[in-house]
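Listed here are the chains, written in short residue letters.
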Number of protein chains: 2
Amino acid sequence: MCCLETTKARLAAEKASLEARYAAFQTRGLSLNMARGIPAKEQLDLSLDMLTCLQTVEDCQIDGIDARNYGGVDGLPSAKKLFGELLDVDPDCVIVGGNSSLNMMSDMIMRSKLFGIGGCKPWVEQGTVKFLCPVPGYDRHFLICEQCGIEMIPLPVTSTGPDMDLVRELVTDPAVKGMWCIPKYSNPSGITYSDDTVRALASLKPAAPDFRIYWDNAYCIHDVFCEDKLLNIVTEAKKAGNENLVFEFASTSKLCFPGAGVACMVAGKGDIDYIKKLISAQTIGPDKMNQLRHIRYFKDVAGLRARAAAHGKLIRPKFEAVLKTLDAELSGLDFVDWSKPNGGYFISLNVMEQTAKRTVELAKNAGVTLTPAGATWPYRKDPADKNIRIAPSYPSLESITLAAELLCVCVKLAAIEKLGL
Amino acid sequence: MCCLETTKARLAAEKASLEARYAAFQTRGLSLNMARGIPAKEQLDLSLDMLTCLQTVEDCQIDGIDARNYGGVDGLPSAKKLFGELLDVDPDCVIVGGNSSLNMMSDMIMRSKLFGIGGCKPWVEQGTVKFLCPVPGYDRHFLICEQCGIEMIPLPVTSTGPDMDLVRELVTDPAVKGMWCIPKYSNPSGITYSDDTVRALASLKPAAPDFRIYWDNAYCIHDVFCEDKLLNIVTEAKKAGNENLVFEFASTSKLCFPGAGVACMVAGKGDIDYIKKLISAQTIGPDKMNQLRHIRYFKDVAGLRARAAAHGKLIRPKFEAVLKTLDAELSGLDFVDWSKPNGGYFISLNVMEQTAKRTVELAKNAGVTLTPAGATWPYRKDPADKNIRIAPSYPSLESITLAAELLCVCVKLAAIEKLGL
């Protein structure tokens, strides 16, 4: 009893102290946004010379093509080569598109729904369609599924990737047609799939012949601290006799201008011609001039990698500031944990169960916008209400340090509130 | 009998003369393409300065937005304003997208199929869906329908537009969900819809509440000889209480770089928010940098119009060469007629019935590629096999003159063959 009283008294004191700190933050009139993985201005400035790398008529000629004119549904051959090298895949299996890889993913799902894939009937004629959704995951993947009426099955993720025993069991259901993966520096958990996980995924034998892994390799070269190695799933799938199992996606959005990058997708030899035929009825072709801008400016994969490293260098201090603050404020609290990723754009923070929403609300009321709690789960419903995605890239280092401190105060305040003290 | 013999003899002589001319063409080893409405190199060169109109960080700022970064599913506000002025519509009803208006059309049809439009059930749940297709028309419109399993109803077109009595009758069928229109300098007939036609379309009362007119205003300012006036269907539809009847599309593809233009669509107030919501799950946003390039370079609608006029000046001699040759070679033949459009990209040639395919084949065998006969009809089937689309923009003036002469020889040869002489 005496011990409990002491604890209560200590917590009351702690609460008072936190409330005082919170009130001090409120008076500062902060207005910061850590909601999305948006590159900062300094990152955009790295690529300014890309704007003027095409100037003359000669600059616009490539592969025997005048890139200014119509044509080429699957992109410039040189762009296919560049992305083929980046992802270590056959350029003939690459389609280079417009500025949005998300759009390419959404288009593939809409095509699968309306026209079918792998020689199967369109999904709209197949009844319920389900996707496996590693959680926490990327809200925009889940939003595509939600809009398309695709049932989402949340899938726990460990430090090596999704629980593969569960995956193997779930894909015995022929209604399971797809699985989202961000295999490297996952959004938001920051993990990179282990070789075993990649091999297990590559050798899946799903009941549905039109099951595809949506391999969103958004952060393929986006190291921040050091480089995680990711096994090439396209090669592994081929070895396993699963040539058409994977759709891989990537883009340069976070290597130059996020609104004006170039996106690509990779598919198996059986799928790629079919997809190109579908695309050729949907558009006359992507913006080849922007593809050419990338080719002339970055030159090769080494150019892309060097630029990725430069971005990483700008992002690193922001990650360090957040991680240092989390360490200083939250270490020792056994109900809290967070990721320490080697790259990507996010830190994933798990707070006390049933307090994530409240934490985000408290932060908001003091001027810091975080990704809405729940966003990292299908239907925006995190059953434990504990996951918060931190996106440290956009604000200044000074702001991010302040915001992280405020966030920690809110995490602890929400926890104390939850304890009813 | 004597008269018939004379005719026969005259035709035999004519045939021999044509065959000699044809043989002479064959020995020249021509290799010309008049298949598609592709701008020529000189046209592309007009816009070279657009490539370098964005250079500094300051150049990239507009509307309080850094155009380099993510966001803005419906395009830059200034881009919406520019297209709003071009088409004389409310900028709030404009969505500015990527480089392909065809892609925006295809996307709208796919969205209508999967998600529905106008509060109605998705088309995939409504059984047969039909579109009205003015003929001759644009092959790529028809290809979208074909791919999407939409039944196409060919619709005769007069010099003032589609037969509106027939349209009014056909839209009493609730399965009729759409109608393709290229209302100005139509592809390929070159006609511009009369004010009466536009008003009749704008005041249609289709049985299907999710019927929409796909108003592909591809050649809105693309005059070649003089300017046809087209009534504003968006205004007229509003007056008629049909605010959500029309989806209008346009692009700058034929004003700067065909592969790297900017496309837009216009929809009614009821539809536009719904469409934006759907798009916001499909992409993070279009390439705003290319939109900004357009804004900085063209400045305003006057800039767009001036450039359209410059293109028209380059195209005009090519149209004149074709028309002059058609006049010299084919006038007086009562089974042949052709369009004399004031603008756009095409001349529509009607040859003797059941000889278009053969004419195109003959031309091909002498080195001139034309749009495949039948392409201007749904399912590539011109029942009379008589329509040929001529696209004079791409080859040089010298080539186009030669190609037109060869075409005329082929038209006459195919006719004589058909007569069995």
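It should be noted that the structure appears before, not after, this text.
What this report covers is the structure whose coordinates are included nearby. (Residues numbered from 1 in each chain as written. Chains lettered and ligands numbered in written order. Predicted model: local features only at pLDDT ≥ 70, side-chain atom pairs only at ≥ 80, totals over all residues. Heavy atoms only, no water.)

### Thoughts on the pattern of salt bridges
Across all of its chains, the model carries 52 salt bridges over all chains by this definition. Here D66 of chain B ties to R68 of chain B by a salt bridge, and the two come within 2.8 Å at their closest N and O atoms. Residues D66 of chain B and R68 of chain B agree in their burial class; the two are buried. The partner of E320 of chain B in a salt bridge is R316 of chain B, with the nearest N and O atoms 3.3 Å apart. Of this pair, E320 of chain B and R316 of chain B are both found in helix 11 (residues 301–330), four residues apart, which corresponds to roughly one turn of the helix. For E320 of chain B, a relative accessible area of 38% translates into the label partly exposed. Residue classification places R316 of chain B among the partly exposed positions, given a relative accessible area of 35%. Several salt bridges converge on common partners, so that one network encompasses R21, E329, E405 and K412 of chain A. (Salt bridge = Lys/Arg side-chain N within 4 Å of Asp/Glu carboxyl O. Buried < 20%, exposed > 50% of the residue type's maximum accessible area, 1.4 Å probe, protein only. Helix = DSSP H or I, 4+ residues; strand = E, 2+ residues; numbered from the N terminus.)

### Notes on the relation of the copies chain A and chain B
For the pair chain A and chain B, the superposition axis carries a translation of 0.0 Å, the fit reaches an RMSD of 0.0 Å, and the rotation angle comes to 180 degrees. Such values leave the two copies arranged in the relation of a two-fold axis. Measuring from the rotation axis to each C-alpha of chain A, the shortest distance belongs to T52 of chain A, at 2.6 Å. The overlap is high: 100% of the interface residues of chain A also sit at the interface in chain B, so the same surface is used on both sides. (Least-squares fit on C-alpha atoms with pLDDT ≥ 70 in both. Contact = heavy atoms within 4.5 Å.)

### Observations concerning the sheet that holds strand 8 (residues 176–181) of chain B
Residues and elements named next belong to chain B. Sheet architecture is open: eight strands sit in the order 4-11-10-9-8-5-6-7, paired in mixed fashion. Strands at the two margins of the open sheet, each flanked by one partner only, are strand 4 (94–96) and strand 7 (161–162). Here four bridges tie strand 9 (residues 212–216) to strand 10 (residues 246–251), and the two strands are oriented parallel to one another. Of the residues in strand 10, the one forming a bridge with Y214 is F247. (Pairing = 2+ DSSP bridges.)

### Points about the pairing of strand 11 (residues 263–266) of chain A
Residues and elements named next belong to chain A. Residues A263 and M265 point to one face of strand 11 and C264 and V266 to the other, with burial holding for every one of them. Examined bridge by bridge, strand 4 (residues 94–96) and strand 11 share three bridges and lie antiparallel to one another. What sits directly across from I95, in strand 11, is M265. In this sheet, strand 11 lies alongside strand 10 (residues 246–251) in antiparallel orientation, the contact comprising four bridges. Each bridged residue has a counterpart across the sheet, and for F249 the counterpart in strand 11 is M265.

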